[in-house]
Structure formats: C-alpha cells, structure tokens
Amino acid sequence: MNETAFGNLIPRPVRAEWLSGVFSLGPDTKISVPAGLDAARESAQYLACVLGALTGLPLPVLEGAAPRPGCIHLTDQGAPEGLGDEGYLLEAAGDRVVIRARQYAGFFYGCQTLRQLLPPRRGPWQLPGVAIEDYPRFAWRGAMLDVARSFFPVPEVKRLIDLLAGYKINRLHLHLSDDQGWRIMINSWPKLALYGGRGAVEGGRSGYYTQAEFKDLAAYARSRAMLLVPEIDLPGHTTAVLASYPELNRDGTAPELYRGMKVGFSTLAAEKEITYRFATDVLGELAQLTPGPYLHVGGDEAHSTTLEEYKLFLGRLHDLVAQTGKTLVGWDEIIQGGLRPGDVVQIWRKEAQPLEAVRQGARVIMSPCHHAYLDMKYAAGTKLGQDWAALIEVADAYAWDPVSVYPGLSEGDVLGVEAALWTETIHSLKAAEYMLFPRILGIAEIGWSPRQGRSWAEYRRRLARHGPRLQAADVHFYRSPQVPWEED
Ligand code: IFG
C-alpha cells in the first residue's frame, strides 16, 4: 500500500480506492435521505450541523428524495449485512456522494469519515473521488475518564465525547467514585454526592453530576453512537463513601475525605448487611439512569479486603447487578474473586491472567497499563502524569495488539480495547486533551482497523497529515518528536 493510500484518515478504513473527479460542496449542495429512515435522517441532521459550521453552507436535509447530482445521500439501500451495525460504504464520485449503512452508528461513522475527507479549516470544500468500505474489528472501542480524582463538568465531557466520536470511539467509561470523591447523585444516599462530591485529589476539582445531568450525558453520547459505561468502584477505593456515611464503617466512625494519591487502603465491610443495602440502592439507581447494558463495579486494588471477604462481596455484587438486568464489568482483580459467564473483565495489570477470565466464561477488554494508561507520561520530561507503569510515547500507545499483548488469547475472546485517563495529576480539560491526544487516535485505530497491515511506520505519516485537523479543532495536543507533523 502506498504512503497516501489512506490520506489523513484515522482510524484507517478497511478498504479505500481513490477515484477520479472531485465532489464540490456549494450553496446548492443538499443532504438527502429516504422517507421514514430515522437513523439516516438523524445522522444527516448531525452532518448538516457539523459541515454547516465548518463551511458556512446551508446544506438542507431533504427527506424522501432519491440520490441525485449535487447531493450527499444517506441510505440503507445496498448496505450489505457484513457491514454490521457500525459499518458503512462511502462513495464520492464526481456529482454525488452516497453513504450506505444499516444502523445509526454506521451512518454516523460514515459522516465522520466524510468530515476527514474534507479540508479541516478552509475551502475549497472538495471531496476527492473515493470508494470506501469500512467496519470495525472490535465492538468495544473505549476511553475511560476518571472524574473522581478530579471532576470534569458536563460541557467538558461533551467536548471529549465529540472529539472521541470523531475517531469512532464508542464507549465512554466514567470512573464516578474513588477515595478522593463521589460524582453522581444517588437519591437514597444523598450525602455521597453532597459530601463525597466536595472531595478531590490535592489541586483537583470537586463536584458531582445530578441525575438529570447524567441522563443528559448518556443521551448526548448516544447521539454520537457512544455508550456511557458508569463505574462505581467497590469494595476498595471507597474512602469518599466511608467519609459520607459513618454507619458504613466497621467501627461506625467516618474517616476524613482523602486528598492524596495512595491506593489500596480502603474497603467496605463485607460482613455488614448495610454494605449490601448501600450497594443495592446505588447500583439500582445507577442502572435506571444508564441506557447502556453495562455496569462497571471496579474491584481493583482491594488490598485492605481479605480474599475471603472479597469473594463474598463479589458474589453478592454479581447477584445485585444481575437483578438490574445489566452486564457486570470489573477490573482484572475480579478474576480471583470468581467470575460468572457473560462478565466483562477489564485487563490492566501486566500480571493479569486474561486466559483465566476466558476460561470462566468472561470476555475481556484490553487496557494494558504499559500501553493504554494515558495518565502515563509521554517521556521523562512530561510535566503532567505519572510513570509507575511505563513512559508511553505515541509509538508505544500504537504499536501493540489487543489479542497478542497477553499470551494465549484468540480474536473472539477479546471484546475490544479501552484507554484509561486517571486524573490524580490531570485537573483541567486542556491537561486531559494533552494526555489523550494524539495517543487516543492510535488506540481508536487499534480498536477499529484491521490488524493486517497495521504499522507504526505507515501510521506516523498519516498522523502527521492529521495534525492540522487537531489544530483546527483547537485540541491541545502533544506534538511528539516521533511524528513529522504537517503544518496547517
Ligand atoms: N491504578 C488504579 C487507579 C489509578 C491508576 C493511576 C487501576 C484499575 C493506578 N487502579 O488502574 O485508581 O490510581 O495510574
């Protein structure tokens, strides 16, 4: 494949064939959809909004129109089964553009690719002739935002959703509770947010989402083809919980809110019945608020919980989550606690045993700390972030594969990938953008693009061409010396 085979497209599509002729967007350009196809109409309206903002063109959306010259047409006609829910065909040939898909996500992702085929900032608004066939390798392409160490208000989360959706990321995992803070209102235990929400790591931001705000975030994510995956971390990482309710503590005394960066020193009392009333109420309310099928219960670094207590607790947690009808997700320590078929295990530690999780009937999402923990410094000189797992330059975040990063796994065992941004040292949107971008683009490609033919040597040049697009979106990204960045 030649150097510019995929232009500046990230993630790299399955197949792209460049054709002659260009399609020029102008004052008469329309976006058309068949009558009664909601998925196409909603994505057409989204496309009209983003292209209108970029170009200043009117781009009216016409319903019930057949494809005609001068139109960008979205249709399910001719969209083969093999595309799945998220795949699409995009053809720009001279006088028309057609995006074919089977579901909203497919149309939405076809629109993201179309955006990347246009110049990032200024005209002429011309699309090169191209025929693209595209669909994802993995179903789970995620980013985790730790809003517990330091809070991120709704507008900032929406900005990140927009940016991440542009790279076909389809899961936003919100780490809503930890030792330093609690970030979601639970009506039956209001002091979690009212008191636990006041906490934060030293220098971090406090706050919490009301239930209306959380539902708004979930709806916003869904309109960007993204599922919200909420996490309440249990039984460890619970100082904010224990500080909010003395009765949850073994000795009935509440600790102070914690503002440090240590981990592993807190635990709920597995032998107290009130612990399970708390968990039932919290997970019950959270399940009601969450349209997606997943509830993440954490389970990591429960160093102050005995293995016997941990197993007892996890068993009860499995029952509680099952009652909500959701699928349990947990960090890889839950493997030793006893899994149930259908669980999703998030692999993060180098010593994790994903094969054991698969043997117990679970599927795994890969978040190896030495490749996908984007709170790790890029290099020794990076001011933000930590370095306990590794220094992770742009190439290190890209040059790995989710199936082979641990031995013995096969493609079908792996649900997908997820990058994690822990925020002990990341206290603003700009800081988050700096650590996420550009590394998250590489992880988005690992989640979406074919394994075959993927290489750092080719990707780094495509990323370099993509630089002006990040600049145009005003992303505060790290200009890695490993990338020959092109200028706008
Ligand atoms: N590990 C902890 C996180 C966070 C991280 C910082 C997990 C699952 C170190 N647990 O990663 O809470 O402190 O890099």
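Each remark here, short or long, concerns the structure printed above.
In short, a report on the structure. The structure presented is a predicted model; accordingly, all values stated were derived computationally and were not measured.

Turning next to the pattern of salt bridges. Taken as a whole, this structure holds 30 salt bridges when the rule is applied. Measuring nitrogen to oxygen at the nearest pair gives 2.5 Å for the salt bridge that ties D332 to R349. With D332 in the loop between β12 (327-331) and α9 (334-337) and R349 in the loop between β13 (344-347) and α10 (354-359), this pair connects stretches of sequence that are 17 residues apart. Each member of the pair D332 and R349 is classed as buried. The network of salt bridges with shared partners includes R137, D401, E411, R451 and R454.

This structure, assessed with the given rule, holds 0 disulfides. C111 supplies the cysteine sulfur nearest to C71, a cysteine that is in no disulfide, at a spacing of 14 Å.

On the basis of which strands lie adjacent, the closed barrel formed by 8 strands has the order β8-β9-β10-β11-β12-β13-β14-β15 and parallel pairing. Averaged over all pairs of adjacent strands, the angle between their axes in this sheet comes to 30°, without regard to strand direction. Pairing of β13 with strand β14 (residues 363-366), which is carried by 4 bridges, proceeds in the parallel orientation. Note on β14: the bridge partner recorded for V344 is R363. In the packing of helix α5 (residues 211-223) onto the sheet, contacts are made with β9 (171-175) and β10 (227-234), and the angle to β10 comes to roughly 135°.

The next point concerns helix α2 (residues 104-117). The end-to-end C-alpha separation of α2 is 20 Å, in line with the 20 Å expected for 14 residues at 1.5 Å each. The buried fraction of α2 amounts to 13 of the 14 residues, a majority that puts the element mostly inside the structure.

Moving on, we come to the side chain of S449. Note that S449 resides in the loop between α14 (439-448) and α15 (456-472). S449 gets classed as buried once you look at its relative accessible area, which sits at 1%. For S449, the residues in contact, after removing those within four places along its chain, are P11, R12 and R137.

Turning our eyes to something else, we now look at unusual backbone geometry. Here the bond from I10 into P11 is cis, since omega is -5°, no more than 30 degrees from zero. Looking at the element boundaries, P11 is found in the segment before β1 (15-24). Omega for the peptide link from G123 to P124 comes to -5°, which places this bond in the cis form. Even without being a glycine, L59 presents a positive backbone phi close to 45°. Here L59 lies in the loop between α1 (38-55) and β3 (61-63). You can call L59 buried: its relative accessible area is 2%.

If you trace the 7 strands from one edge of the open sheet to the other, you get β1-β7-β5-β6-β4-β2-β3, paired in mixed fashion. Two strands close off the open sheet at either side, each with one partner strand: β1 and β3. Across the sheet, the axes of successive neighbouring strands diverge by a mean angle of 20°, strand direction being ignored. Sheet analysis places strand β5 (residues 88-93) next to strand β6 (residues 96-101), joined by 6 bridges and oriented antiparallel. Note that in β6 the partner of L90 across the bridge is I99. Along the sheet, α1 makes contact with β2 (30-33), β3 and β4 (71-75), crossing β2 at roughly 170°.

The end-to-end C-alpha separation of α5 is 18 Å, in line with the 18 Å expected for 13 residues at 1.5 Å each. Where α5 is concerned, the buried positions are Q211, F214, L217, A218, Y220 and A221. Buried residues in α5 make contact with α3 (154-165), β9, β10 and α7 (273-289). Phi turns positive one or two residues past the end of α5, at A225, with a value near 60°.

With that settled, consider the site of the ligand. Near the ligand there are 14 residues, and of these R149, Y373, D375, W388 and E424 occur at the shortest range. For the ligand, an oxygen atom lies 2.8 Å from a polar atom in the side chain of R149. Note that an oxygen atom of the ligand is positioned 2.7 Å from one of the side-chain N or O atoms of D375. For the ligand, whose unbound accessible area comes to 350 Å², protein coverage reaches 96%.

Considering only enclosed or pocket space, the largest pocket measures out at about 660 Å³ in volume. For the largest pocket, the lining is made up of 22 residues, of which R115, L163, R469, A472 and A473 are closest to its centre. Among the secondary structure elements, those contributing two or more residues to the lining of the largest pocket are α1, α2, α3 and α15. When residues of the lining of the largest pocket are assigned to their parent elements, the largest contribution, 5 residues, is made by α1. Class assignment of the residues belonging to the lining of the largest pocket gives a composition of 13 nonpolar, 4 polar and 5 charged.

Moving on, we come to the environment of L145. Here L145 is to be found in strand β8 (residues 140-146). Judged by relative accessible area, which is 4%, L145 ranks as buried. Placed 31 residues apart in sequence, L145 and L176 show a C-alpha to C-alpha distance of 8.8 Å. The contacts of L145, once residues within four sequence positions are left out, are F152, V157, L160, H173, L174, H175, L421 and T423.

Before going further, it helps to examine the pairing of β9. For a regular strand, side chains alternate in direction, first toward one face of the sheet and then toward the other. With 5 of 5 residues buried, β9 is to be regarded as a mostly interior element. Across 5 bridges, the pairing between β8 and β9 is parallel. Residue M144 lies in a different strand from β9, and its bridge partner there is H173. The parallel pair β8 and β9 is bridged by α3, and the resulting crossover is right-handed. With 5 bridges connecting them, β9 and β10 associate as parallel partners. In the strand pairing of β10, H175 is matched with E231.

About the cut-offs
- Residues numbered from 1 in each chain as written.
- Predicted model: local features only at pLDDT ≥ 70, side-chain atom pairs only at ≥ 80, totals over all residues.
- Heavy atoms only, no water.
- Salt bridge = Lys/Arg side-chain N within 4 Å of Asp/Glu carboxyl O.
- Helix = DSSP H or I, 4+ residues; strand = E, 2+ residues; numbered from the N terminus.
- Buried < 20%, exposed > 50% of the residue type's maximum accessible area, 1.4 Å probe, protein only.
- Disulfide = S-S within 2.5 Å.
- Pairing = 2+ DSSP bridges.
- Axes fitted to C-alpha atoms, helices over the stretch in contact; angles between N-to-C directions.
- Contact = heavy atoms within 4.5 Å.
- Expected span 1.5 Å × (residues − 1).
- Near = heavy atom within 4 Å.
- Polar contact = N/O pair within 3.5 Å; in protein donor to acceptor, adjacent residues only side chain to side chain.
- Areas by Shrake-Rupley, 256 points an atom, 1.4 Å probe, with all protein chains shown as cover.
- 1 Å grid on protein atoms, 1.4 Å probe; cavity = no way out; pocket = protein on both sides within 12 Å on 5 of 7 lines; lining within 4 Å.
- Points joined across faces, edges and corners; volume = space filled by probe spheres on them.
- Nonpolar A, V, L, I, M, F, W, Y, C, P; charged D, E, K, R; others polar.
- Right-handed = clockwise from strand over helix to strand, strands pointing away.

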